[in-house]
Amino acid sequence: MNQDQLKQAVAQAAVDHILPRLDSKSIVGVGTGSTANFFIDALAKHKMDFDGAVASSEATAARLKGHGIPVYDLNSTAELEFYVDGADESDERLHLIKGGGAALTREKIVAAVAKTFICIADASKLVPVLGNFPLPVEVIPMARSHVARELVKLGGDPVYREGVLTDNGNVILDVHNLSITDPVKLEADINAIVGVVTNGLFAARPADLLLLGTAEGVKTLKR
C-alpha cells in the first residue's frame, strides 16, 4: 500500500469508529491536512447521520461545505464528542507534533474541547522520540525575532516559514534539531515565551486514540 492508501484506510477506520456513536444532534471536530481530507471525504458519505462539523481551518471548512456538511462556529457548539485529525509525528504515549499545515492553534483549540481526540496517521509518523519533524510555533508577527532568540536558548534552530500566514494572521517558526524527551514541559516552556500564540506540541492534551495505517492493516494505540 502506498501512503495515500494508508491514509485512506485510517480515515475509513476513524469513520467506522465514530459512526455508531453519532446521532442527528452530533457535531464532529475535524482537523486539517491530507489525512484529514481523506476523513472528510469518507465522512461525507454518512452526512445524514450527524448534524455537522467544527472545522480547524478555513481550508477544512471549505472542503466540508463542498460536501454539503454544515460547519458550525465552535462558540455556538455545546460539546464535541470527537475530534479527528492527522499528525506530523506521534510517540507511543500519543504526544504529537502538528502544524505542518499551519493550522496548529485552531487544531489545539478544537482538540481541547473534544471529549475524544482521535489521531489518524500512517506508520511513518510513529517515532520513538519527537523532534525529527521541525516543531511549528505560531508567533505574533512583531515578536518573530524575539521568539526566535528565545527558541535558540531552548536548544532549537528556528527557521521562518516564508510566505505563510496562519488563518489567525500570524507567522510560523519551524524549530529544527530538537530531541523532545519531555514534550509536556517543552510545550509549556515555549508557550510561556511572550509573543508565542501556541506551538505544535500536543502533549498536555495528547490524542486519546491513534489509528495507525500499516502494511498489515490499521493498528489501534490507546493512551
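As named in an unreviewed UniProt entry, the protein is Ribose-5-phosphate isomerase A, taken from Pseudomonas sediminis. Looking at the Sequence similarities (unreviewed entry) heading of the UniProt record, one finds this comment for the protein: "Belongs to the ribose 5-phosphate isomerase family." As its UniProt record puts it under Pathway (unreviewed entry), the protein is described as follows: "Carbohydrate degradation; pentose phosphate pathway; D-ribose 5-phosphate from D-ribulose 5-phosphate (non-oxidative stage): step 1/1."

A. Summary view of the domain arrangement of the protein. The domain boundaries assigned to the protein delineate domain 1 (3-127 + 204-222) and domain 2 (135-199). Across the contact, 16 residues belong to domain 1 and 18 residues belong to domain 2. Summed over both partners, the interface of domain 1 with domain 2 buries about 1,300 Å², with 54% contributed by carbon and sulfur atoms. Area buried by domain 1 at its contact with domain 2 is led by Leu104, Thr105 and Lys108, which between them contribute 37% of it. The tally of links from domain 1 across to domain 2 stands at 1 salt bridge. When the shortest N-O distance is used, the salt bridge between glutamate 187 and lysine 108 registers 2.9 Å. The leading source of residues in the side of domain 1 that touches domain 2 is helix α4 (residues 104-113), at 4 residues.

B. Fine view of the sheet that holds strand β4 (residues 89-90). The 3 strands are arranged β4-β5-β11 in an open sheet whose pairing can be described as antiparallel. If you trace the sheet from one side to the other, it starts and ends with β4 and β11 (201-202), each paired once.

C. Structural detail: the packing of helix α1 (residues 3-18) against helix α2 (residues 34-43). Packing of α1 against α2 leaves a shortest axis separation of 8 Å and a crossing angle of 50°. Here α2 runs oblique to α1, going by the angle between their axes. Handedness of the α1/α2 crossing: right-handed. Here Asp4, Lys7, Gln8, Val10, Ala11, Gln12, Ala14, Val15 and Ile18 of α1 lie close against α2, whose contacting residues are Ser34, Thr35, Phe38, Phe39, Ala42 and Leu43. Its residues assigned to classes, the contact of α1 with α2 shows 9 nonpolar, 4 polar and 2 charged.

D. Geometry of the environment of glycine 66. Summarising the element assignment, glycine 66 is placed in helix α3 (residues 58-66). When the C-alpha atoms of glycine 66 and alanine 44 are compared, they prove to be 9.7 Å apart, with 22 residues separating the residues in sequence.

E. Region of the structure containing the UniProt feature "active site" (unreviewed entry) in the protein. Listed under "active site" (unreviewed entry) in the UniProt record, and renumbered for this structure, are Glu107. In this fold, glutamate 107 is placed in helix α4. In contact with glutamate 107, not counting residues within four places along its chain, are Thr32, Ser56, Tyr83, Asp85, Lys98, Gly99 and Phe202. At 3.3 Å, the side chain of glutamate 107 forms a polar contact with the side chain of lysine 98.

Definitions and limits used
- Residues numbered from 1 in each chain as written.
- Predicted model: local features only at pLDDT ≥ 70, side-chain atom pairs only at ≥ 80, totals over all residues.
- Heavy atoms only, no water.
- UniProt positions renumbered as here; feature names shortened; annotations may be inferred.
- Domains from an automatic or database assignment.
- Contact = heavy atoms within 4.5 Å.
- Buried area = accessible area lost by both parts, 1.4 Å probe.
- Salt bridge = Lys/Arg side-chain N within 4 Å of Asp/Glu carboxyl O.
- Helix = DSSP H or I, 4+ residues; strand = E, 2+ residues; numbered from the N terminus.
- Pairing = 2+ DSSP bridges.
- Axes fitted to C-alpha atoms, helices over the stretch in contact; angles between N-to-C directions.
- Parallel < 35°, antiparallel > 145°, perpendicular 65-115°, else oblique.
- Left-handed = near helix turned anticlockwise from the far one by under 90°.
- Nonpolar A, V, L, I, M, F, W, Y, C, P; charged D, E, K, R; others polar.
- Polar contact = N/O pair within 3.5 Å; in protein donor to acceptor, adjacent residues only side chain to side chain.

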